[in-house]
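# A look at the structure
Listed here are the chains, written in short residue letters.
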Amino acid sequence: MSEVKQPKVGFAQRIDQLTPQLLILPTVLIILFLAVYPLLLSAYLALSRFKLVSGGFELKYVGLRNFKKLFSGSQQYHFLGTFGEFLFWEWLIIGFFALSFCYWLWCYFRSGTVSVIGTIGRSITVIVIMMLTMLAFSVLNGSGYPGSLMVTLFYVFVGVSIQFVIALGLALLCAQKIRGKHFFRMAFFIPIMVTPVGIAYAFRMLMDMSQGPFAPIWSMFGLAEFSWAADAWLARWVVLIGDSWQWIPFLFMVLLAAIENQPKEQVEAAQLDGAGSWRIFKDITFPSIAAVAATAVLIRLIEAFKIIDLPNILTNGGPGIATESMTLHSFIAWRTQDLGGSAAVGYSLLFVAVVICVSFFNFVGQRTAAKGA
Amino acid sequence: MSLATRSLWQRISEPKNLQSMSPLNKVFTYSILFVWSFVVLFPLYWLFVTSFKLPIHVSDGPYYIPFIDFEPSLHAWKYIFIDLGQDTLRPYLNSIIIASISTVLAVFIGSMSAYALTRIEYKPKLGSIIGFIGAVGLVVYLTVAIGMQWQLSLSIGAALFVIFVLSFSRHFSRTLGNNDILFWIISQRIMPPVVSVLPIYIMFQQLGLLDTHFALIVTYMAVNLPIAVWLMRDFFAKIPVELEESAMLDGASRMRVFLTIYLPLAKPGLAATTMLILILSWNEYLLALFLSTVDAQTMPLMVAAQNATRGPQWWYMSVLIVVMIIPVLIAAGFIGKLINKGQLAGAVKG
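What you see is a predicted model; the values in this text were computed from it and never measured.

### Re the overall build of chain B
Counting secondary structure elements, chain B contains 16 helices and two strands. C-alpha atoms of chain B, sized along the principal axes, occupy 85 × 70 × 35 Å. Split into buried and exposed, the 350 residues of chain B put 36% on the buried side.

Shown next, in the form of structure tokens:
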């Protein structure tokens, strides 16, 4: 390096000073224009009624009427569902939930790190989860009928739990010293690459009771004429199976990578000491993958709330409204030119998703991250 | 314990040594793995086989194996690639162009911000942010409720925001940190697309950009950006700071540090993130449904369009779905290799 370049003072240096801003500005601008601005605009839509008039359209401000329609008006059956009577044991469980939440809040107030935002956040979490629990008991107990809110929550909670358990089991099996590891890994990853629209059609073919590949099995049980699409719960489960088929690979890959990165020495030492595989999993493997698992589950939770392709194509939301997720509900409202109603459903979905995902992030994600470190 | 004293149960349930698996465990593991392989591969096999079936083979009940059960026919492939020709090729090319460009942009811009958020401290003022939200709200109100031209309302909003920041922002001393920015970016991913798609539709309509590649590329990039930032931040955080400090002492600019040190070192992370975002944008359905009609139509729409009034055309659909998987598989092969190599390199360097 004999030649020393004279640093250019001026333009280049000024650019260099601005680098911190330049690095983050594109992301912020893109999100402002394509996420925040639409969000505000659609807040306005949710508060108004859309009407086609000659030569264009007209938006009339109607206040919270769109939401009122969903929560207590003509669309209540569609959104919240039809309420049933509470049974005695359901009151018991609800009471137990309420007590444990109170205990949780009490522990928080005793912990000495109380802040205004923390208190508000926890209160919102508790209130929303309590209301959703009561709604669940009310619409699911035989005399009620779930609306799109509860169906979405069914896809999210039941779906993500099942996917997590199966993915974790497969990852644990695959992390052993087995032959053909490469094959299994590649094969198990494929479903995520198939477009959800395609998966929906594929499952419609597979689940066809009279022409599908399993038709001989169904007819053996005398079920050839039976239609799962006419039964509300069977239809929901078929949607859930399709969704799980696609998304287990994602959780599987993330968990497998995490398990293979766990400290090998500890596992070997524990094996030498004669620890059983359950002890090894509980005390070594699980703590070391907990943080990654929490992040993966959070990503999955976020995506699960947006489910639309599968119910739209697999069952078209039916029978009736049985498999309609909130995104599909909103889409159907949009198709019938009820833009205000569509935006109101979208906003309700946003609210529920934000409360649940942020609660998970703060109270599960952070805790496991702290433990894992 | 000698072999002779081991009971039958012990012999099948306990491994001979720590390196191997017990016979019972082996049977259990392999049977589950094979059952799951069947679960995963059978639907794909069925799609593949259906693409060679005549309508009669589908409606007459299940036929499983080509040449034995039924005579395969190329009619569906012929229809899709020769009869439809351009109409298949166009969405296919659209999908490839839109998915790849938006993925590359999202990963690059996202990595830039992720790097900045791990290594540079930002202190945005709460006051300016509130002012900004107020200004945007005003713009929305002026355009939608009063019906002003969007160019005019946008400039009014911008002017008011600048005045607000210049005159009032020093009274709000509260600042936010990097974690707040990160959380804000991630939280944008929670937003269901159905909330934002309508305003985006109106926006592109007013700009005259509906049904163009540009609209879809920009939208896909925006919805995937939060994931890119989120995942890349974890990978960048693992790279030691000393590398950066020594490079900066040698006079490298931040941009150079990012391009020549951080990006290459985070290759496995980049590969994994690219893969995930590529899959998400390749398979996206809802946004494409709103924002494209003919010219920018993507493959998922094309697949859904095979559900004609005559009922679903299973054979055409199967061809399209099979054809749609191929580019992703190829990309996954390349990217997978990158992940393995990256890990290897990392291990060698220690």
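That was the structure; now back to the text.
### Topic: the overall build of chain A
Within chain A, the regular secondary structure consists of 15 helices and four strands. Overall, the C-alpha framework of chain A stretches about 80 × 65 × 50 Å when taken along its three principal axes. The 373 residues of chain A split such that 37% are buried. At a minimum sequence separation of 6, the contacts of chain A that also span at least 24 residues come to 72%.

### Here's the deal with the nonpolar core
The nonpolar side chains of a soluble globular protein tend to be buried with one another. Judged by nonpolar contacts, the single largest core of 176 residues is most densely connected at A:F252, A:L255 and B:L320. Per element, the largest residue contribution to this core is 17 residues, and it comes from helix 10 (residues 213-237) of chain B. Excluding residues that lie within four positions of it along the chain, B:L320 makes contacts with B:I80, B:M299, B:M302, B:V303 and B:Q306.

### Overview of the domain arrangement of chain A
All names here are of chain A. Per the domain assignment, the segments making up chain A are domain 1 (58-82 + 145-372) and domain 2 (84-143). For domain 1 and domain 2, the distance between their C-alpha centroids amounts to 24 Å. In this assembly, 10 residues from domain 1 lie in contact with nine residues from domain 2. Mapped onto the side of domain 1 that touches domain 2, the elements with two or more residues apiece are strand 3 (81-82), strand 4 (145-146), helix 6 (148-174) and helix 15 (339-372).

### A word on the domain arrangement of chain B
Residues and elements named next belong to chain B. Assigned domains within chain B: domain 1 (3-78) and domain 2 (84-120 + 207-349). Using C-alpha coordinates to define each centre, domain 1 is positioned 32 Å away from domain 2. Across the contact, nine residues belong to domain 1 and seven residues belong to domain 2. At the level of secondary structure, the elements contributing two or more residues to the side of domain 1 that touches domain 2 comprise helix 2 (23-50), helix 3 (55-59) and helix 4 (75-83). Per element, the largest residue contribution to the side of domain 1 that touches domain 2 is three residues, and it comes from helix 2. Of the residues belonging to the side of domain 1 that touches domain 2, the class tally is six nonpolar, two polar and one charged.

### Structural notes on the packing of helix 8 (residues 196-206) of chain A against helix 10 (residues 232-260) of chain A
Residue and element names in this part refer to chain A. Where helix 8 contacts helix 10, the two axes come as close as 10 Å, and the packing angle between them is 130 degrees. In terms of orientation, helix 8 and helix 10 fall into the oblique class. Between helix 8 and helix 10 the crossing geometry is right-handed. Contacts between helix 8 and helix 10 involve P196, I199, A200 and F203 on the former and, on the latter, V238, G242, W245 and Q246. Each residue belonging to the contact of helix 8 with helix 10 can be placed in one class, and the counts come to six nonpolar, two polar and no charged.

### Section: the interface of chain B and chain A
Residue-level contacts link 69 residues of chain B with 67 residues of chain A. Residues of the side of chain B that touches chain A, tallied by class, amount to 54 nonpolar, 13 polar and two charged.

### As for the confidence of the model for chain B
All names here are of chain B. Scored by pLDDT, chain B comes out at a mean of 82, with 92% of its residues at no less than 70. Ignoring residues within four places in sequence, the model shows residues 344-350, a span with pLDDT below 50, making zero contacts including any to other chains. Model confidence for the complex: the whole-complex pTM is 0.86, and ipTM, which rates the interface, is 0.84.

### Brief notes about helix 8 of chain A
Burial analysis of helix 8 of chain A places 10 of its 11 residues in the buried class, which makes it a mostly covered element. A:P196, A:V197, A:G198, A:I199, A:A200, A:Y201, A:A202, A:F203, A:R204 and A:M205 are the residues of helix 8 of chain A that are buried.

### Points about the environment of B:Q206
Residues and elements named next belong to chain B. Summarising the element assignment, Q206 is placed in helix 9 (residues 193-207). With 13 C-beta atoms packed within 10 Å, Q206 lands in the partly exposed category. Separated by 56 residues in sequence, Q206 and W150 have C-alpha atoms that sit 8.9 Å apart.

### Considerations on the environment of B:L138
Residues and elements named next belong to chain B. Of note, L138 is situated in helix 6 (residues 126-146). For L138, a count of 16 C-beta atoms within 10 Å gives the class partly exposed. Placed 18 residues apart in sequence, L138 and I156 show a C-alpha to C-alpha distance of 8.8 Å. Excluding anything up to four places from it in sequence, L138 contacts G157 and L160.

### Side note on the packing of helix 8 of chain A against helix 2 of chain B
Closest axis-to-axis distance for the helix 8 of chain A/helix 2 of chain B pair is 10 Å, and the angle between their directions is 85 degrees. The angle between helix 8 of chain A and helix 2 of chain B places the two elements in the roughly perpendicular class. Within the contact between the two elements, helix 8 of chain A uses A:A202, A:M205 and A:L206 and helix 2 of chain B uses B:P43, B:W46, B:L47 and B:T50.

### Considering helix 10 of chain A
Since the α-helix advances by 3.6 residues per turn, residues separated by three or four positions end up pointing in the same direction. With 29 residues, helix 10 of chain A should reach 42 Å at 1.5 Å per residue; the first-to-last C-alpha distance of 41 Å fits that figure. The largest bend in helix 10 of chain A amounts to roughly 35 degrees and is located at A:W247, with the proline A:P249 lying one to four residues further along.

### What about unusual backbone geometry?
For A:Q337, which is not a glycine, the phi torsion comes out positive at approximately 65 degrees. With respect to the secondary-structure elements, A:Q337 resides in the loop between helix 14 (326-335) and helix 15. Accessibility expressed as a C-beta count within 10 Å gives 13 for A:Q337, which makes it partly exposed. With phi around 60 degrees, B:D211 is a residue other than glycine that occupies positive phi space.

### What to know about the environment of A:F252
Residues and elements named next belong to chain A. Within the secondary structure, F252 sits in helix 10. On the neighbour-count criterion, F252 (27 C-beta atoms within 10 Å) is buried. Look past the residues within four positions of F252 in its chain and what remains in contact with it is A167, L170, A171 and F188.

Quick notes on the rules
Residues numbered from 1 in each chain as written. Chains lettered and ligands numbered in written order. Predicted model: local features only at pLDDT ≥ 70, side-chain atom pairs only at ≥ 80, totals over all residues. Helix = DSSP H or I, 4+ residues; strand = E, 2+ residues; numbered from the N terminus. Buried ≥ 20, exposed ≤ 12 C-beta atoms within 10 Å, placed from the backbone. Contact = placed C-beta atoms within 7 Å. Core = buried A, V, L, I, M, F, W, Y, C linked by C-beta atoms within 7 Å. Domains from an automatic or database assignment. Nonpolar A, V, L, I, M, F, W, Y, C, P; charged D, E, K, R; others polar. Axes fitted to C-alpha atoms, helices over the stretch in contact; angles between N-to-C directions. Parallel < 35°, antiparallel > 145°, perpendicular 65-115°, else oblique. Left-handed = near helix turned anticlockwise from the far one by under 90°. pLDDT = per-residue confidence, 0-100. Expected span 1.5 Å × (residues − 1). Bend = angle between axes of the 7 residues up to and from the residue.

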